[in-house]
Amino acid sequence: MSYFVSLMSQFIHFLYEFTGMIGFPSYALAIIILGIIVRILLFPLSLKQMRSMIGMSDIQPELKELQEKYKNNRQKLSEEINKLYAEHQVNPLAGCLPILIQMPILYAVFQAMRNYDYNQNASFFWISSLKEADPYYILPIILVLLFFFQQKLSMSKEALSTNPSMKVMLYVMPPMMGMISINLPSGVGVYWVTTSLIMLVQQVFMNRQREKERAIRQEKRKEREEERKKEIELLKKQGQNKNKRKERIAQAKARKKGSTVTEFDEKNPKAVYQPKK
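Cut-offs applied
Residues numbered from 1 in each chain as written. Predicted model: local features only at pLDDT ≥ 70, side-chain atom pairs only at ≥ 80, totals over all residues. Heavy atoms only, no water. Helix = DSSP H or I, 4+ residues; strand = E, 2+ residues; numbered from the N terminus. Buried < 20%, exposed > 50% of the residue type's maximum accessible area, 1.4 Å probe, protein only. Contact = heavy atoms within 4.5 Å. Expected span 1.5 Å × (residues − 1). Arc of directions from axis to C-beta. Phe/Tyr/Trp six-rings, centres within 6.5 Å; stacked < 30°, edge-to-face > 60°. Patch = residues over 30% accessible without salt bridge, like charges linked within 9 Å, V, L, I, M, F, W, Y side chains within 5 Å. Areas by Shrake-Rupley, 256 points an atom, 1.4 Å probe, with all protein chains shown as cover. Salt bridge = Lys/Arg side-chain N within 4 Å of Asp/Glu carboxyl O. Lys, Arg positive; Asp, Glu negative; His and termini not counted. Charge placed at Lys NZ, Arg CZ, Asp CG, Glu CD. Core = buried A, V, L, I, M, F, W, Y, C linked by side-chain atoms within 4.5 Å.

(A) Geometry of the side chain of Gln-203. By the secondary structure assignment, Gln-203 is in helix α10 (residues 186–257). By relative accessible area, which is 2% here, Gln-203 ends up buried. If sequence neighbours within four positions are ignored, Gln-203 has contacts with Met-50, Ile-54, Gln-150, Leu-153 and Ser-154.

This is the structure we're talking about:
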């Protein structure tokens, strides 16, 4: 892991030299560029993670209904939950793998910036040195707001109303992240704010995609319901035709035997024949 941290430190220095080449030598600008590059590289994994979170959030109300409906039948509950996952194309474990893959990269970036020796051009607006913590707590406050809005966008209203744990995460996690960032070097704070802002933009994009996918799923669900209604009506018609055919056969047999047919009863057809005396 130390090799990756050293490699990331060298990359930060390379980006700083790049900012000098374009005429704006600044470690803060180098860190912002680093954040953009990291988020672009991790975008496919982040996208998969966001889709999984959004999907799980969307199905929370239906999931709770199934748990209430089949609370005494675990086997049936498992079957129905799997059907729900398949219908919404959701895998509850799909969000774990992207997080695990991202962790070593994010850890290396964090350690590199935390221990980096900023020589010069390390100021950032109100911050005199990126190696020091933000004296006015502006970066932690911005970070809390970004975390809050990102989490709120990733959770549906139905999920927040039906799942208390999600509501707790929404209001507890952002302040916790803010408390963690208070004593961190401002360089880490700049990176964290940059990546969080990018992820918020990604979340807005994902929400728009989610609305489109939700509309498509609802349309498909309506089509399936219409098909089921048609199948039920067809089965009813087939059953009625079958009963009528049986009734005609019974009437024909009754006429041959010289008996009187009063009414056809499918369950007890013999009861409807009254022989002539």
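Still more to cover.
(B) Helix α1 (residues 2–21), seen in detail. With 20 residues, α1 should cover 28 Å at 1.5 Å per step; its first-to-last C-alpha distance of 29 Å lies within 8% of that length. Considered for burial, the residues of α1 that qualify are Val-5, Met-8, Ser-9, Ile-12, Leu-15, Tyr-16 and Thr-19. The arc that holds every buried residue of α1, seen down its axis, measures 120 degrees, which confines them to one face. Opposite the packed face of α1, turned more than 90 degrees from it, sit the exposed residues Tyr-3, Gln-10 and Met-21.

(C) Spotlight on the environment of Met-206. Looking at the element boundaries, Met-206 is found in helix α10. The buried category is assigned to Met-206, whose relative accessible area is 4%. Between the C-alpha atom of Met-206 and that of Ser-154, which follows or precedes it by 52 residues, the distance is 8.6 Å. Leave out the neighbours within four places in its chain, and Met-206 touches Leu-47, Met-50, Arg-51 and Ile-54.

(D) The arrangement of the packing of aromatic side chains in detail. Scanning the entire structure with this criterion turns up 10 aromatic pairs. For the pair Tyr-3 and Phe-4, a centre-to-centre distance of 5.7 Å together with 70 degrees between the ring planes defines the contact as edge-to-face. Under the relative-accessibility criterion, Tyr-3 is labelled exposed at 59%. With relative accessibility at 48%, the residue Phe-4 sits in the partly exposed group. Taken together, a centroid distance of 6.4 Å and an interplanar angle of 25 degrees make the contact between Phe-125 and Trp-126 stacked. Judged by its relative accessible area of 73%, Phe-125 falls in the exposed class. Trp-126 gets classed as partly exposed once you look at its relative accessible area, which sits at 29%. Cluster of aromatic residues (ring-pair linked, three or more members): Tyr-16, Tyr-27 and Tyr-116.

(E) Structural detail: a negative patch on the surface. Together, Glu-219, Glu-223, Glu-227 and Glu-231 give the surface a local cluster of negative charge. On the secondary structure map, Glu-227 appears in helix α10.

(F) Representation of unusual backbone geometry. At Phe-125, a residue that is not glycine, the phi angle is positive and equals roughly 50 degrees. For Phe-125, the location among the structural elements is in the loop between α6 (96–114) and α7 (138–154). A positive phi angle, near 60 degrees, is found at Tyr-137, a position not held by glycine. Note on placement: Tyr-137 falls in the loop between α6 and α7. Relative accessible area serves as the criterion here: at 45%, Tyr-137 is assigned to the partly exposed category.

(G) Spotlight on the nonpolar core. Residues Leu-34, Met-113, Tyr-118 and Leu-130 are the most contacted members of the largest nonpolar core, which totals 35 residues. Looking at this core, the element that brings in the most residues is helix α2 (residues 27–41), giving seven residues. Beyond its immediate chain neighbours, meaning those up to four positions away, Leu-34 contacts Met-8, Phe-11, Ile-12, Leu-15, Val-109, Met-113 and Tyr-191. Residues Met-56, Ile-59, Leu-63 and Leu-66 belong to the second largest nonpolar core, which totals 10 residues.

(H) Examining a nonpolar patch on the surface more closely. A surface patch of nonpolar side chains, about 540 Å² in accessible area, is lined by Val-168, Met-169, Tyr-171, Val-172, Met-173 and Met-176. In this fold, Met-173 is placed in helix α9 (residues 164–182). In this structure Met-173 comes out as partly exposed when scored by relative accessible area, which is 31%.

(I) How the structure looks around the pattern of salt bridges. Considering all chains together, one arrives at two salt bridges under this definition. Between Glu-80 and Lys-83 there is a salt bridge, with the nearest N and O atoms lying 3.7 Å from each other. With Glu-80 and Lys-83 both in helix α5 (residues 74–88) and three residues apart, this pair spans about one turn of that helix. Several salt bridges converge on common partners, so that one network encompasses Lys-76, Glu-80 and Lys-83.

(J) Structural context of the environment of Asn-163. For Asn-163, the location among the structural elements is in the loop between α8 (157–162) and α9. With 99 residues separating them in the primary sequence, Asn-163 and Lys-64 have C-alpha atoms 8.7 Å apart.

All quantities given are derived from atomic positions and should not be read as evidence of function.
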